[in-house]
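Single-letter residue listing:
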Amino acid sequence: MDKRRCAVLNSEEMWAQAKQLFAGGVNSPVRAAVKPFPFYVERGKGAYIYTVEGKKFIDYVLGYGPLILGHSPESVKRKIVEQLEKGWLFGTPSELEIKLAKKISSHIPSAQKIRFVNSGTEATMAAIRLARGYTKRSKILKFSGNYHGAHDYALVEAGSAATEYNVATSDGVPIEIIKTVEVCEFNDLDCVDKKLRNEDIATVILEPIMGNAGVILPEKDFLSGVRELTKSYNSLLIFDEVITGFRINIGGAQSYYQIYPDITTLGKIIGGGFPIGAVAGKAEIVDNFTPAGKVFNAGTFNANPISMIAGIATIEELEKEYPYDIANKAAKTLVEELERLLKIKHTINHVGSMFQVFFGIDKVRNYSDAKRADKEYYIKFHERLLKEGVFIPPSQYETIFTSASHKDDVVNDTIDKLVKVIGELS
(Lines give C-alpha, C1' and ligand atoms only; values in the text may rest on other atoms or scores of the structure.)
Protein backbone atom coordinates (compact mmCIF):
# COMPACT_ATOMS: atom_id res chain seq x y z
CA MET A 1 0.00 0.00 0.00
CA ASP A 2 1.11 3.55 -0.75
CA LYS A 3 2.79 4.79 2.47
CA ARG A 4 2.05 8.38 1.55
CA ARG A 5 -1.66 7.59 1.24
CA CYS A 6 -1.68 5.87 4.65
CA ALA A 7 -0.88 9.21 6.25
CA VAL A 8 -3.76 10.99 4.53
CA LEU A 9 -7.12 11.25 6.29
CA ASN A 10 -10.00 9.60 4.46
CA SER A 11 -13.12 11.54 3.47
CA GLU A 12 -15.10 10.55 6.56
CA GLU A 13 -12.28 11.68 8.85
CA MET A 14 -11.93 14.96 6.94
CA TRP A 15 -15.69 15.48 7.16
CA ALA A 16 -15.58 15.05 10.94
CA GLN A 17 -12.95 17.78 11.16
CA ALA A 18 -14.73 20.02 8.66
CA LYS A 19 -17.94 20.02 10.71
CA GLN A 20 -15.94 21.47 13.59
CA LEU A 21 -14.43 24.19 11.41
CA PHE A 22 -17.11 25.28 8.91
CA ALA A 23 -20.82 26.04 9.08
CA GLY A 24 -22.49 22.83 7.96
CA GLY A 25 -19.04 21.40 7.30
CA VAL A 26 -18.58 23.13 3.94
CA ASN A 27 -17.82 26.47 2.30
CA SER A 28 -20.59 26.27 -0.31
CA PRO A 29 -23.87 24.53 0.58
CA VAL A 30 -24.25 22.20 -2.43
CA ARG A 31 -21.04 20.41 -1.40
CA ALA A 32 -22.87 19.02 1.63
CA ALA A 33 -25.56 17.44 -0.55
CA VAL A 34 -23.53 14.28 -1.15
CA LYS A 35 -24.66 11.79 1.53
CA PRO A 36 -23.76 10.54 4.07
CA PHE A 37 -20.80 12.90 3.72
CA PRO A 38 -18.91 14.56 0.85
CA PHE A 39 -16.02 12.76 -0.79
CA TYR A 40 -12.80 14.78 -0.74
CA VAL A 41 -10.98 15.17 -4.05
CA GLU A 42 -7.21 14.96 -4.27
CA ARG A 43 -6.79 15.66 -7.98
CA GLY A 44 -8.52 15.88 -11.33
CA LYS A 45 -7.41 15.07 -14.85
CA GLY A 46 -9.42 15.16 -18.05
CA ALA A 47 -12.91 13.79 -17.45
CA TYR A 48 -11.99 12.28 -14.08
CA ILE A 49 -11.63 13.27 -10.44
CA TYR A 50 -9.80 11.15 -7.86
CA THR A 51 -10.67 11.08 -4.16
CA VAL A 52 -8.24 11.01 -1.26
CA GLU A 53 -9.01 7.28 -1.00
CA GLY A 54 -7.98 6.82 -4.64
CA LYS A 55 -11.47 6.24 -6.07
CA LYS A 56 -12.03 7.52 -9.62
CA PHE A 57 -15.21 9.24 -10.80
CA ILE A 58 -16.28 10.30 -14.27
CA ASP A 59 -17.08 13.96 -13.60
CA TYR A 60 -20.18 15.62 -15.03
CA VAL A 61 -20.16 18.47 -12.49
CA LEU A 62 -16.91 20.02 -13.72
CA GLY A 63 -16.65 22.56 -10.92
CA TYR A 64 -20.32 23.47 -11.63
CA GLY A 65 -19.48 24.61 -15.13
CA PRO A 66 -16.11 26.31 -15.56
CA LEU A 67 -14.08 23.31 -16.74
CA ILE A 68 -15.22 23.08 -20.36
CA LEU A 69 -11.85 21.59 -21.35
CA GLY A 70 -11.89 19.10 -18.48
CA HIS A 71 -9.57 18.98 -15.49
CA SER A 72 -6.03 20.34 -15.68
CA PRO A 73 -5.67 20.68 -19.48
CA GLU A 74 -2.01 20.84 -20.43
CA SER A 75 -2.36 23.92 -22.66
CA VAL A 76 -3.86 25.94 -19.81
CA LYS A 77 -1.61 24.54 -17.09
CA ARG A 78 1.51 25.42 -19.07
CA LYS A 79 0.48 29.09 -19.34
CA ILE A 80 -0.40 29.25 -15.65
CA VAL A 81 2.98 27.84 -14.62
CA GLU A 82 4.76 30.35 -16.88
CA GLN A 83 2.86 33.20 -15.21
CA LEU A 84 3.53 31.87 -11.69
CA GLU A 85 7.23 32.20 -12.42
CA LYS A 86 6.65 35.90 -13.10
CA GLY A 87 4.34 36.59 -10.14
CA TRP A 88 0.64 36.36 -9.29
CA LEU A 89 -0.45 39.68 -7.76
CA PHE A 90 0.92 43.16 -8.40
CA GLY A 91 -1.67 45.76 -7.34
CA THR A 92 -1.19 47.36 -10.77
CA PRO A 93 -2.64 46.69 -14.21
CA SER A 94 -1.06 44.00 -16.36
CA GLU A 95 -1.15 43.37 -20.09
CA LEU A 96 -3.02 40.13 -19.46
CA GLU A 97 -6.24 41.95 -18.56
CA ILE A 98 -6.11 43.78 -21.88
CA LYS A 99 -5.58 40.52 -23.77
CA LEU A 100 -8.46 38.73 -22.03
CA ALA A 101 -10.80 41.70 -22.48
CA LYS A 102 -10.00 41.77 -26.20
CA LYS A 103 -10.70 38.04 -26.43
CA ILE A 104 -14.07 38.43 -24.72
CA SER A 105 -15.08 41.49 -26.72
CA SER A 106 -14.22 39.78 -29.99
CA HIS A 107 -16.71 37.01 -29.25
CA ILE A 108 -19.45 38.52 -27.08
CA PRO A 109 -21.29 40.98 -29.34
CA SER A 110 -22.57 43.28 -26.57
CA ALA A 111 -19.24 43.56 -24.70
CA GLN A 112 -17.90 46.96 -25.76
CA LYS A 113 -16.26 47.56 -22.36
CA ILE A 114 -15.56 45.29 -19.41
CA ARG A 115 -14.95 45.43 -15.65
CA PHE A 116 -13.30 42.33 -14.20
CA VAL A 117 -14.29 41.17 -10.72
CA ASN A 118 -13.77 37.91 -8.81
CA SER A 119 -16.95 35.84 -9.02
CA GLY A 120 -20.34 35.58 -10.65
CA THR A 121 -21.86 36.97 -7.47
CA GLU A 122 -19.67 40.07 -7.65
CA ALA A 123 -20.49 40.45 -11.34
CA THR A 124 -24.27 40.47 -10.92
CA MET A 125 -24.04 42.65 -7.81
CA ALA A 126 -21.96 45.22 -9.69
CA ALA A 127 -24.16 44.98 -12.79
CA ILE A 128 -27.33 45.71 -10.83
CA ARG A 129 -25.64 48.67 -9.11
CA LEU A 130 -24.45 49.89 -12.50
CA ALA A 131 -27.95 49.67 -13.98
CA ARG A 132 -29.43 51.56 -11.06
CA GLY A 133 -26.77 54.23 -11.27
CA TYR A 134 -27.25 54.62 -15.01
CA THR A 135 -31.07 54.75 -14.99
CA LYS A 136 -31.46 56.57 -11.64
CA ARG A 137 -34.12 54.00 -10.71
CA SER A 138 -34.18 51.65 -7.73
CA LYS A 139 -36.23 48.57 -8.59
CA ILE A 140 -35.14 45.48 -10.49
CA LEU A 141 -37.10 42.65 -12.08
CA LYS A 142 -35.83 39.09 -11.87
CA PHE A 143 -37.33 35.68 -12.59
CA SER A 144 -38.37 33.00 -10.16
CA GLY A 145 -35.72 30.30 -10.01
CA ASN A 146 -33.04 32.34 -11.75
CA TYR A 147 -29.88 32.33 -9.66
CA HIS A 148 -27.64 35.38 -9.79
CA GLY A 149 -25.25 34.67 -6.96
CA ALA A 150 -25.30 35.06 -3.21
CA HIS A 151 -25.86 38.79 -2.63
CA ASP A 152 -28.99 40.30 -1.10
CA TYR A 153 -30.82 41.49 -4.22
CA ALA A 154 -30.27 38.18 -6.02
CA LEU A 155 -31.53 35.93 -3.23
CA VAL A 156 -35.24 36.48 -3.82
CA GLU A 157 -36.76 33.25 -5.19
CA ALA A 158 -33.30 32.23 -6.32
CA GLY A 159 -33.50 28.71 -7.72
CA SER A 160 -31.47 26.05 -5.93
CA ALA A 161 -30.44 28.53 -3.26
CA ALA A 162 -34.09 28.85 -2.24
CA THR A 163 -35.48 25.42 -3.08
CA GLU A 164 -32.91 23.28 -1.29
CA TYR A 165 -33.53 25.17 1.96
CA ASN A 166 -37.28 25.71 1.54
CA VAL A 167 -37.12 29.51 1.74
CA ALA A 168 -38.30 32.32 -0.53
CA THR A 169 -35.19 34.29 0.34
CA SER A 170 -32.28 34.09 2.77
CA ASP A 171 -32.47 35.17 6.39
CA GLY A 172 -30.54 38.38 6.82
CA VAL A 173 -31.87 40.11 3.71
CA PRO A 174 -33.68 43.29 4.86
CA ILE A 175 -37.32 43.66 3.89
CA GLU A 176 -36.40 47.05 2.45
CA ILE A 177 -34.23 45.31 -0.13
CA ILE A 178 -36.82 42.64 -0.90
CA LYS A 179 -39.31 45.41 -1.69
CA THR A 180 -37.03 46.67 -4.47
CA VAL A 181 -37.12 43.29 -6.28
CA GLU A 182 -40.06 42.37 -8.52
CA VAL A 183 -40.41 38.75 -9.67
CA CYS A 184 -41.98 37.08 -12.70
CA GLU A 185 -42.14 33.45 -13.76
CA PHE A 186 -39.66 32.51 -16.49
CA ASN A 187 -41.26 32.43 -19.96
CA ASP A 188 -44.15 34.71 -18.83
CA LEU A 189 -44.04 37.81 -21.05
CA ASP A 190 -47.39 39.11 -19.83
CA CYS A 191 -45.99 39.41 -16.31
CA VAL A 192 -42.93 41.27 -17.62
CA ASP A 193 -45.13 43.71 -19.50
CA LYS A 194 -47.28 44.33 -16.42
CA LYS A 195 -44.32 44.85 -14.09
CA LEU A 196 -42.50 47.21 -16.44
CA ARG A 197 -45.67 49.18 -17.10
CA ASN A 198 -46.57 49.62 -13.44
CA GLU A 199 -43.19 49.77 -11.70
CA ASP A 200 -40.15 52.03 -12.03
CA ILE A 201 -37.74 49.27 -13.07
CA ALA A 202 -34.04 50.02 -13.53
CA THR A 203 -33.19 46.66 -15.06
CA VAL A 204 -34.49 43.24 -15.93
CA ILE A 205 -31.93 40.55 -15.08
CA LEU A 206 -32.26 36.96 -16.25
CA GLU A 207 -30.39 33.82 -17.15
CA PRO A 208 -31.12 33.39 -20.87
CA ILE A 209 -30.98 29.66 -20.11
CA MET A 210 -31.79 28.78 -16.52
CA GLY A 211 -29.02 26.73 -14.94
CA ASN A 212 -29.81 26.67 -11.23
CA ALA A 213 -33.27 25.15 -11.30
CA GLY A 214 -32.05 22.41 -13.56
CA VAL A 215 -31.71 23.38 -17.21
CA ILE A 216 -34.75 25.38 -18.38
CA LEU A 217 -34.84 26.86 -21.88
CA PRO A 218 -36.49 30.07 -23.07
CA GLU A 219 -39.57 29.51 -25.21
CA LYS A 220 -39.83 30.96 -28.68
CA ASP A 221 -40.06 34.77 -28.62
CA PHE A 222 -39.52 35.03 -24.84
CA LEU A 223 -36.05 36.56 -24.94
CA SER A 224 -36.88 38.77 -27.91
CA GLY A 225 -40.06 39.84 -26.14
CA VAL A 226 -38.17 40.79 -22.99
CA ARG A 227 -35.66 42.71 -25.12
CA GLU A 228 -38.42 44.70 -26.82
CA LEU A 229 -40.26 45.41 -23.58
CA THR A 230 -37.15 46.71 -21.82
CA LYS A 231 -36.50 49.04 -24.73
CA SER A 232 -40.11 50.25 -24.70
CA TYR A 233 -40.02 51.08 -20.99
CA ASN A 234 -36.44 52.43 -20.94
CA SER A 235 -35.18 49.70 -18.62
CA LEU A 236 -31.83 48.01 -19.10
CA LEU A 237 -31.57 44.30 -19.89
CA ILE A 238 -28.92 42.20 -18.13
CA PHE A 239 -28.14 38.71 -19.37
CA ASP A 240 -26.52 36.67 -16.63
CA GLU A 241 -24.23 34.46 -18.72
CA VAL A 242 -22.02 33.30 -15.87
CA ILE A 243 -22.97 29.72 -16.82
CA THR A 244 -23.79 30.06 -20.52
CA GLY A 245 -21.00 32.45 -21.53
CA PHE A 246 -18.47 30.57 -23.72
CA ARG A 247 -20.34 27.31 -23.05
CA ILE A 248 -23.40 27.38 -25.33
CA ASN A 249 -21.04 28.58 -28.01
CA ILE A 250 -18.11 30.97 -28.13
CA GLY A 251 -20.49 33.93 -28.26
CA GLY A 252 -22.69 32.73 -25.41
CA ALA A 253 -26.46 32.39 -25.29
CA GLN A 254 -26.89 35.87 -26.78
CA SER A 255 -25.17 34.77 -29.97
CA TYR A 256 -27.01 31.45 -29.95
CA TYR A 257 -30.39 33.21 -29.76
CA GLN A 258 -29.31 36.41 -31.54
CA ILE A 259 -30.71 38.57 -28.72
CA TYR A 260 -28.33 41.19 -27.34
CA PRO A 261 -28.60 42.77 -23.86
CA ASP A 262 -27.34 46.11 -22.56
CA ILE A 263 -25.16 44.40 -19.93
CA THR A 264 -23.76 40.87 -19.72
CA THR A 265 -22.34 39.21 -16.64
CA LEU A 266 -19.72 36.52 -17.13
CA GLY A 267 -17.73 34.14 -14.94
CA LYS A 268 -16.77 30.47 -14.71
CA ILE A 269 -15.26 29.59 -18.12
CA ILE A 270 -13.58 32.98 -18.69
CA GLY A 271 -11.32 32.24 -15.71
CA GLY A 272 -10.33 28.76 -16.85
CA GLY A 273 -11.20 27.33 -13.44
CA PHE A 274 -9.85 30.22 -11.36
CA PRO A 275 -12.00 32.79 -9.51
CA ILE A 276 -13.38 35.41 -11.89
CA GLY A 277 -16.36 37.50 -12.89
CA ALA A 278 -16.94 40.25 -15.40
CA VAL A 279 -19.46 42.95 -16.19
CA ALA A 280 -19.53 43.70 -19.90
CA GLY A 281 -21.75 45.99 -21.90
CA LYS A 282 -22.29 49.14 -23.88
CA ALA A 283 -19.46 51.62 -23.40
CA GLU A 284 -21.78 54.44 -22.35
CA ILE A 285 -23.12 52.25 -19.53
CA VAL A 286 -19.90 50.58 -18.33
CA ASP A 287 -18.17 53.98 -18.26
CA ASN A 288 -20.31 54.81 -15.23
CA PHE A 289 -18.03 52.64 -13.09
CA THR A 290 -15.41 54.49 -11.03
CA PRO A 291 -13.02 56.08 -11.74
CA ALA A 292 -14.68 57.20 -14.99
CA GLY A 293 -18.12 57.56 -13.39
CA LYS A 294 -19.81 57.50 -9.99
CA VAL A 295 -20.89 53.85 -9.65
CA PHE A 296 -18.33 52.41 -7.25
CA ASN A 297 -16.56 49.13 -7.87
CA ALA A 298 -13.12 48.03 -6.71
CA GLY A 299 -11.25 44.87 -5.72
CA THR A 300 -7.76 43.86 -4.67
CA PHE A 301 -7.98 40.77 -6.86
CA ASN A 302 -9.88 42.28 -9.82
CA ALA A 303 -8.11 41.15 -13.02
CA ASN A 304 -5.80 38.83 -11.09
CA PRO A 305 -3.01 37.73 -13.46
CA ILE A 306 -3.54 33.99 -12.87
CA SER A 307 -7.25 34.18 -13.64
CA MET A 308 -6.47 36.31 -16.68
CA ILE A 309 -3.91 33.92 -18.20
CA ALA A 310 -6.07 30.87 -17.45
CA GLY A 311 -8.98 32.55 -19.20
CA ILE A 312 -6.89 33.53 -22.21
CA ALA A 313 -5.52 30.00 -22.58
CA THR A 314 -8.99 28.46 -22.26
CA ILE A 315 -10.56 30.74 -24.86
CA GLU A 316 -7.64 30.08 -27.22
CA GLU A 317 -8.58 26.39 -27.09
CA LEU A 318 -12.27 27.17 -27.59
CA GLU A 319 -11.40 29.18 -30.69
CA LYS A 320 -10.18 25.92 -32.26
CA GLU A 321 -13.82 24.68 -32.04
CA TYR A 322 -13.00 21.05 -31.19
CA PRO A 323 -14.03 21.46 -27.50
CA TYR A 324 -17.59 22.30 -28.55
CA ASP A 325 -17.72 19.41 -31.01
CA ILE A 326 -16.67 16.89 -28.36
CA ALA A 327 -18.65 18.31 -25.44
CA ASN A 328 -21.86 18.78 -27.44
CA LYS A 329 -21.62 15.31 -28.96
CA ALA A 330 -21.14 13.78 -25.52
CA ALA A 331 -24.22 15.53 -24.11
CA LYS A 332 -26.34 14.64 -27.15
CA THR A 333 -25.34 10.97 -26.96
CA LEU A 334 -26.05 10.75 -23.24
CA VAL A 335 -29.44 12.44 -23.62
CA GLU A 336 -30.40 10.07 -26.44
CA GLU A 337 -29.39 7.06 -24.36
CA LEU A 338 -31.28 8.32 -21.32
CA GLU A 339 -34.39 8.80 -23.45
CA ARG A 340 -34.02 5.23 -24.69
CA LEU A 341 -33.37 3.69 -21.28
CA LEU A 342 -35.85 5.55 -19.08
CA LYS A 343 -39.27 3.89 -19.05
CA ILE A 344 -40.79 6.05 -16.33
CA LYS A 345 -42.35 9.47 -16.78
CA HIS A 346 -39.63 12.09 -17.23
CA THR A 347 -38.38 14.98 -19.33
CA ILE A 348 -34.85 16.01 -20.26
CA ASN A 349 -33.99 19.63 -21.01
CA HIS A 350 -30.86 19.92 -23.14
CA VAL A 351 -28.87 22.50 -25.04
CA GLY A 352 -25.26 22.20 -26.19
CA SER A 353 -23.14 20.69 -23.40
CA MET A 354 -25.78 21.28 -20.70
CA PHE A 355 -28.67 19.04 -19.70
CA GLN A 356 -30.77 17.87 -16.79
CA VAL A 357 -33.30 15.08 -16.31
CA PHE A 358 -36.53 15.66 -14.37
CA PHE A 359 -38.41 12.58 -13.15
CA GLY A 360 -42.18 12.28 -12.74
CA ILE A 361 -43.04 15.19 -15.01
CA ASP A 362 -43.34 15.55 -18.77
CA LYS A 363 -42.52 19.24 -19.22
CA VAL A 364 -40.41 21.81 -17.39
CA ARG A 365 -40.71 25.35 -18.71
CA ASN A 366 -40.31 27.33 -15.47
CA TYR A 367 -39.36 27.11 -11.82
CA SER A 368 -42.82 26.02 -10.69
CA ASP A 369 -42.62 23.04 -13.03
CA ALA A 370 -39.14 22.14 -11.82
CA LYS A 371 -40.30 22.06 -8.20
CA ARG A 372 -42.94 19.48 -9.10
CA ALA A 373 -40.36 17.00 -10.39
CA ASP A 374 -39.61 13.92 -8.29
CA LYS A 375 -36.59 15.18 -6.40
CA GLU A 376 -36.28 12.03 -4.29
CA TYR A 377 -36.00 9.83 -7.38
CA TYR A 378 -33.30 12.14 -8.74
CA ILE A 379 -31.35 11.78 -5.48
CA LYS A 380 -31.55 7.98 -5.78
CA PHE A 381 -30.36 8.28 -9.39
CA HIS A 382 -27.41 10.41 -8.26
CA GLU A 383 -26.52 8.05 -5.41
CA ARG A 384 -26.62 4.90 -7.57
CA LEU A 385 -24.47 6.55 -10.24
CA LEU A 386 -21.99 7.64 -7.57
CA LYS A 387 -21.62 4.03 -6.44
CA GLU A 388 -20.80 3.13 -10.04
CA GLY A 389 -18.17 5.88 -10.32
CA VAL A 390 -20.18 8.59 -12.10
CA PHE A 391 -20.54 12.01 -10.47
CA ILE A 392 -23.54 14.10 -11.49
CA PRO A 393 -24.77 17.05 -9.39
CA PRO A 394 -26.23 15.94 -6.05
CA SER A 395 -29.04 18.49 -6.48
CA GLN A 396 -31.95 18.28 -8.91
CA TYR A 397 -31.60 22.02 -9.35
CA GLU A 398 -28.16 22.04 -10.94
CA THR A 399 -26.83 21.28 -14.43
CA ILE A 400 -25.11 18.20 -15.82
CA PHE A 401 -22.14 19.40 -17.89
CA THR A 402 -19.90 17.73 -20.45
CA SER A 403 -16.46 18.85 -21.60
CA ALA A 404 -13.84 18.41 -24.30
CA SER A 405 -12.47 15.54 -22.22
CA HIS A 406 -15.71 13.53 -22.45
CA LYS A 407 -14.68 11.61 -25.53
CA ASP A 408 -16.33 8.47 -26.89
CA ASP A 409 -14.63 6.05 -24.50
CA VAL A 410 -15.73 8.08 -21.46
CA VAL A 411 -19.28 8.40 -22.77
CA ASN A 412 -19.52 4.69 -23.61
CA ASP A 413 -18.32 3.79 -20.12
CA THR A 414 -20.95 6.14 -18.68
CA ILE A 415 -23.67 4.53 -20.79
CA ASP A 416 -22.74 1.07 -19.49
CA LYS A 417 -23.12 2.39 -15.96
CA LEU A 418 -26.43 4.11 -16.81
CA VAL A 419 -27.80 0.81 -18.11
CA LYS A 420 -26.96 -0.86 -14.80
CA VAL A 421 -28.27 1.95 -12.58
CA ILE A 422 -31.54 2.48 -14.46
CA GLY A 423 -32.10 -1.27 -14.49
CA GLU A 424 -31.67 -1.39 -10.71
CA LEU A 425 -33.95 1.57 -10.14
CA SER A 426 -36.62 0.06 -12.37
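Please refer to the structure placed before this passage.
Residues numbered from 1 in each chain as written. Predicted model: local features only at pLDDT ≥ 70, side-chain atom pairs only at ≥ 80, totals over all residues. Heavy atoms only, no water.

Our focus in this paragraph is the sheet that holds strand S2 (residues 48-51). In sheet architecture, strand pairing relies on hydrogen bonds along the backbone and comes in two forms, parallel and antiparallel. Reading across the sheet, the 4 strands line up as S1-S2-S3-S13 and stay open at both edges, with mixed pairing between neighbours. Looking at the sheet topology across the chains shown, the edges are occupied by strand S1 (41-45) and strand S13 (390-391). Examined bridge by bridge, S1 and S2 share 4 bridges and lie antiparallel to one another. Across the sheet, the residue bridging to Lys45 is Tyr48, located in S2. (Pairing = 2+ DSSP bridges. Helix = DSSP H or I, 4+ residues; strand = E, 2+ residues; numbered from the N terminus.)

Where helix H2 (residues 11-21) is concerned, the buried positions are Ser11, Trp15 and Ala18. Axial view of H2: buried residues confined to an arc of 65 degrees, hence all on one face. Where H2 begins, the capping side chain belongs to Asn10, and its oxygen is found 3.1 Å from the backbone nitrogen of Glu12. (Buried < 20%, exposed > 50% of the residue type's maximum accessible area, 1.4 Å probe, protein only. Arc of directions from axis to C-beta. Polar contact = N/O pair within 3.5 Å; in protein donor to acceptor, adjacent residues only side chain to side chain.)

On to the packing of aromatic side chains, then. Taken as a whole and judged by the stated rule, the model has 8 aromatic pairs. Each ring, one from Tyr256 and one from Tyr257, has its centre 4.9 Å from the other, and the planes form 90 degrees; the classification is edge-to-face. Among the residues examined, Tyr256 registers a relative accessible area of 44% and is labelled partly exposed. Judged by relative accessible area, which is 24%, Tyr257 ranks as partly exposed. On the basis of an interplanar angle of 70 degrees and a centroid distance of 5.4 Å, the ring pair of Phe359 and Phe381 is categorised as edge-to-face. With a gap of 22 residues between them, Phe359 in strand S12 (residues 354-359) and Phe381 in helix H15 (residues 375-387) connect regions that are remote in the sequence. Note on Phe359: relative accessible area 1%, which makes it buried. With a relative accessible area of 2%, Phe381 lands in the buried category. (Phe/Tyr/Trp six-rings, centres within 6.5 Å; stacked < 30°, edge-to-face > 60°.)

These figures capture arrangement, not role.
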